[in-house]
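Each chain, written out:
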Amino acid sequence: MKSPLTTLCYIEKDGCYLLLHRISKKNDINRDKWIGVGGHFESGESPEDCLLREVKEETGLVLHSFRLRGIVTFLSDDDPAEYMFLYTSSDFSGELAQCDEGQLEWVKKGDFRNLEHWEGDLIFLDLIEKNAPFFSLKLVYRNKKLISWTMF
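Each value, and the rule that gives it
Residues numbered from 1 in each chain as written. Predicted model: local features only at pLDDT ≥ 70, side-chain atom pairs only at ≥ 80, totals over all residues. Heavy atoms only, no water. 1 Å grid on protein atoms, 1.4 Å probe; cavity = no way out; pocket = protein on both sides within 12 Å on 5 of 7 lines; lining within 4 Å. Points joined across faces, edges and corners; volume = space filled by probe spheres on them. Core = buried A, V, L, I, M, F, W, Y, C linked by side-chain atoms within 4.5 Å. Buried < 20%, exposed > 50% of the residue type's maximum accessible area, 1.4 Å probe, protein only. Helix = DSSP H or I, 4+ residues; strand = E, 2+ residues; numbered from the N terminus. Contact = heavy atoms within 4.5 Å. Expected span 1.5 Å × (residues − 1). Polar contact = N/O pair within 3.5 Å; in protein donor to acceptor, adjacent residues only side chain to side chain. Lys, Arg positive; Asp, Glu negative; His and termini not counted. Salt bridge = Lys/Arg side-chain N within 4 Å of Asp/Glu carboxyl O. Phe/Tyr/Trp six-rings, centres within 6.5 Å; stacked < 30°, edge-to-face > 60°. Lys NZ or Arg CZ within 6 Å of the ring centre and 35° of its normal.

Caption draft 1: The arrangement of the layout of surface pockets in detail. When its volume is computed, the largest pocket comes out at roughly 1100 Å³. Together, 41 residues line the largest pocket, and T6, I29, N30, H40 and E82 are the ones closest to its centre.

Caption draft 2: Here's a closer look at the nonpolar core. With 24 residues, the main nonpolar core has Y10, V72, L86, F124 and L139 as its most contacted residues. Looking at this core, the elements that each hand over two or more residues are β1 (5-13), β2 (16-21), β3 (34-35), β5 (62-76), β6 (82-93), α2 (119-129) and β8 (135-142). The greatest single-element share of this core, amounting to five residues, is contributed by α2. Residue contacts for L139: discarding those within four places in its chain leaves V72, T73, F74, L75, G120, I123, F124, L146, S148 and W149.

Caption draft 3: Just helix α1 (residues 47-59), in detail. With 13 residues, α1 should reach 18 Å at 1.5 Å per residue; the first-to-last C-alpha distance of 18 Å fits that figure. Residues P47, C50, L51, R53, E54, V55, E58 and T59 constitute the buried set of α1. Of the surrounding secondary structure, the elements contacted by the buried residues of α1 are β1, β2, β4 (37-40), β5, β6 and β7 (103-108). At the exit of α1 stands G60, carrying a positive phi of roughly 85 degrees.

Caption draft 4: Up close: the environment of Y17. Here Y17 shows up in strand β2. Spatially, the C-alpha atom of Y17 lies 17 Å from that of G120, the residues being 103 residues apart in sequence. Apart from the residues within four sequence positions on either side, Y17 is in contact with Y10, I11, E12, E105, W106, V107, K109, L125, I128 and E129. For Y17, the side chain forms a polar contact with the side chain of E129, separated by 2.2 Å.

Caption draft 5: Seen up close, the side chain of E58. You can see E58 is positioned in helix α1. It is R22 that comes nearest to the buried, bridge-free E58 among opposite-charge side chains, at 5.1 Å. One polar contact links the side chain of E58 to the main-chain amide nitrogen of G38, over a distance of 3.1 Å. Not counting residues within four places of it along the chain, the set of residues in contact with E58 comprises L20, V37, G38, A97, Q98, C99, E101 and L104.

Caption draft 6: Quick peek at the packing of aromatic side chains. All told, the structure shown has six aromatic pairs when counted by the stated rule. Between F41 and F85, the ring centres sit 5.8 Å apart and the planes meet at 35 degrees, which makes this aromatic pair tilted. Note that F41 is positioned in the loop between β4 and α1 and F85 in strand β6, a separation of 44 residues in sequence. Here the aromatic rings of F66 and Y87 are separated by 5.6 Å at their centres, their planes lie at 85 degrees, and the arrangement is edge-to-face. Of this pair, F66 sits in strand β5 while Y87 sits in strand β6, and the two are 21 residues apart along the sequence. On the basis of relative accessibility, which here comes to 0%, the residue Y87 falls in the buried class. Members of the aromatic cluster, each reached through a chain of ring pairs, are Y10, Y17 and F124. Here the basic side chain of K33 rests over the ring of W118, its NZ or CZ set 4.6 Å away from the ring centre.

Caption draft 7: Representation of α2 in the model. Those residues of α2 that sit buried are G120, D121, I123, F124, L125, L127 and I128. Within two residues after α2, N131 carries a phi angle of roughly 55 degrees, on the positive side.

So, in structure tokens, the structure goes:
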């Protein structure tokens, strides 16, 4: 069983986010969506351990510094809750690698709204863009549609 704890990072460069177009896995809840990079905790990992490992595995990049922006709680139908540690970073090195989960692409920040994404992603990306202080956000989905959200 996968951990209910995850990380997600929006890596920034030249007014763009590095996004992952999730097109490779057949049974992927994120199939066809554009998202940041990250994934589930492995045994014994801290949020930062998971972040650094997932970014390296999915992109080939090494983060040198990063900022924890908030915690997002996802509730969806009868699935167990997921708790996501949301990060940003613009301090990294390395060469972009191929990702087995989809296609990586630098996307202008303003163009994200035109891509297929989860509705709730716009809420936390807007908070990031406004440089909001650390936040806790609860997103409730039914049948893959956002039905409510609460920010603490």
